[in-house]
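Here's the letter readout for the chains.
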Amino acid sequence: MSNLEALKKEIVETVKAAGDIQSLEEVRVTALGKKGRVTDLMKTLGTLSPDERKEMGQALNRLKDEISAEIDARASILKAAAMNARLASEKIDVTLTPRPENKGSIHPISQTIEEMITIFADMGFSVAEGPEIEDDFHNFTALNFPPEHPARQMHDTFYLPDVAGKTGDAAKRLLRTHTSTVQVHVMQTQKPPIRVIIPGRTFRSDYDMTHTPMFHQMEGLLIDKAAHMGHLKGCLIEFCKRFFEVDDLPTRFRPSFFPFTEPSAEMDIGCSREKGELKIGAGSSWLEILGCGMVHPNVLKNCGIDPDEYQGFAFGMGIERVAMLKYGIPDLRTFFESDLRWLKHYGFGPLEQPNKALG
Ligand code: DAH
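Computed from a predicted model, the values in this text were never measured in an experiment.

Caption draft 1: Spatial organisation of the site of the ligand. What surrounds the ligand is a group of 15 residues, the closest being His178, Ser180, Arg204, Gln217 and Glu219. With respect to the ligand, the side chain of Ser180 contributes an N or O atom lying 3.0 Å from a nitrogen atom. Measuring from an oxygen atom of the ligand, one finds a side-chain N or O atom of Gln183 at 3.2 Å. The fraction of the free accessible surface of the ligand (350 Å²) that becomes covered by protein chains is 90%. According to the grid-proximity analysis, the pocket containing the ligand is the largest pocket. Of all elements in the fold, only helix H8 (180-189), strand S6 (214-224), strand S10 (285-295) and strand S11 (311-318) reach the threshold of two or more residues within the shell around the ligand. Looking at side-chain class alone, the shell around the ligand contains 5 nonpolar, 8 polar and 2 charged residues.

As structure tokens, then:
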């Protein structure tokens, strides 16, 4: 091997061994710098004969080029490695955390209340609320239940311990058995005209497929100078058509009895039962849906409203009952068991609008 080749081999090895750009630069200076080994050889060219000088000059230039090329190649490898190391050390995760799966759902009771409020709000009703713990006056007496009347027993009332220091009706506290109690609060505090709906919890000591100790009712009350039974019917027929989304829904009103209304009625809607499937709409069967009537003059009087000047109508319906009918839920007790599979199946998404008539 010629001296030049040996030199080249030696330098190329040091180039390849350079672990970073700085040591590569040192290698370049040692080989090609002003006092570098190849540069030193160039300086000896003057001592050679013209022929030798030419040959050696060309060989040295080639050597210089070859070493430069080796250095450049090594430099780009080292630069790429340095860049990769930097990218790895400065890595940041710019992706968004994935949205968690939507696990919650709107309970059918909440959804149904929203739908009912939307329909009645369109008719000018506003929402009123009242306490769940009541006294005998608001639950019974003001609503024209005579003392010792069997209807009081029919309500399967949950009574709380008597209030200390009081006796008789004044001492009695109970869980309201219906939302009609709030009619009394509203009439005691608001001047007619009154147009309210009252969604809320009610309590009765009863438990089977269609009864739970806690359930919900939607009460309605309208008081003005001229409201009559025709207004009551028109309002409730319109509500049922929109709620059940059936335009030609058959309806009928049957005479009934409630102490707080006179006359009183129960409203039925048409349905069919074919092959065990219940369908709301024209058919050969009827479903009872709510109680209603013209507010009894005694109730108006008990609440401080002059029955010679004002009259009105009221209605009350079970929210679970209409939800079960609309959404095909067979057993009332399942509403309150908090079974996640049930909630997933019957629950509603936060942005879901199941009733197109409301959109
Ligand atoms: N309060 C009654 C019940 O719980 C429902 C009801 C019927 C309410 C007729 C009313 C009404 O306002 O007029 O069964």
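After that view of the structure, there is still more to cover.
Caption draft 2: The arrangement of the domain arrangement of the chain in detail. Split into domains, the chain comes out as domain 1 (2-90) and domain 2 (108-346). A separation of 98 Å is found between the C-alpha centroids of domain 1 and domain 2.

Caption draft 3: Main features of the packing of aromatic side chains. Scanning all chains against the criterion turns up 13 aromatic pairs. Ring centres of Phe120 and Phe125 lie 5.5 Å apart, and the angle between their planes is 75°; this geometry places the pair in the edge-to-face category. You'll find Phe120 and Phe125 in the same group, each marked buried. With centroids separated by 5.0 Å and ring planes inclined at 65°, the aromatic side chains of Tyr327 and Phe348 adopt a geometry described as edge-to-face. Of the two residues, Tyr327 sits in helix H11 (residues 319-327) while Phe348 sits in the segment after helix H12 (340-346), which places them 21 residues apart along the sequence. Connected via pairs of aromatic rings, a cluster forms that spans Phe120, Phe125, Phe239, Phe243, Phe244 and Phe315. The ring of Phe243 carries Lys326 above its face, with NZ or CZ at 4.5 Å from the centroid.

Caption draft 4: Up close: the sheet that holds strand S2 (residues 133-135). The 3 strands are arranged S2-S4-S3 in an open sheet whose pairing can be described as antiparallel. The two strands at the open ends of the sheet, each matched to only one other strand, are S2 and strand S3 (159-160). Where S3 meets strand S4 (residues 173-175), 2 bridges bridge the pair, whose relative direction is antiparallel. Looking at the pairing, Tyr159 lines up with Leu174 of S4.

Conventions adopted
Residues numbered from 1 in each chain as written. Predicted model: local features only at pLDDT ≥ 70, side-chain atom pairs only at ≥ 80, totals over all residues. Heavy atoms only, no water. Near = heavy atom within 4 Å. Polar contact = N/O pair within 3.5 Å; in protein donor to acceptor, adjacent residues only side chain to side chain. Areas by Shrake-Rupley, 256 points an atom, 1.4 Å probe, with all protein chains shown as cover. 1 Å grid on protein atoms, 1.4 Å probe; cavity = no way out; pocket = protein on both sides within 12 Å on 5 of 7 lines; lining within 4 Å. Sits in = over half its atoms within 2 Å of the grid points. Helix = DSSP H or I, 4+ residues; strand = E, 2+ residues; numbered from the N terminus. Nonpolar A, V, L, I, M, F, W, Y, C, P; charged D, E, K, R; others polar. Domains from an automatic or database assignment. Phe/Tyr/Trp six-rings, centres within 6.5 Å; stacked < 30°, edge-to-face > 60°. Buried < 20%, exposed > 50% of the residue type's maximum accessible area, 1.4 Å probe, protein only. Lys NZ or Arg CZ within 6 Å of the ring centre and 35° of its normal. Pairing = 2+ DSSP bridges.

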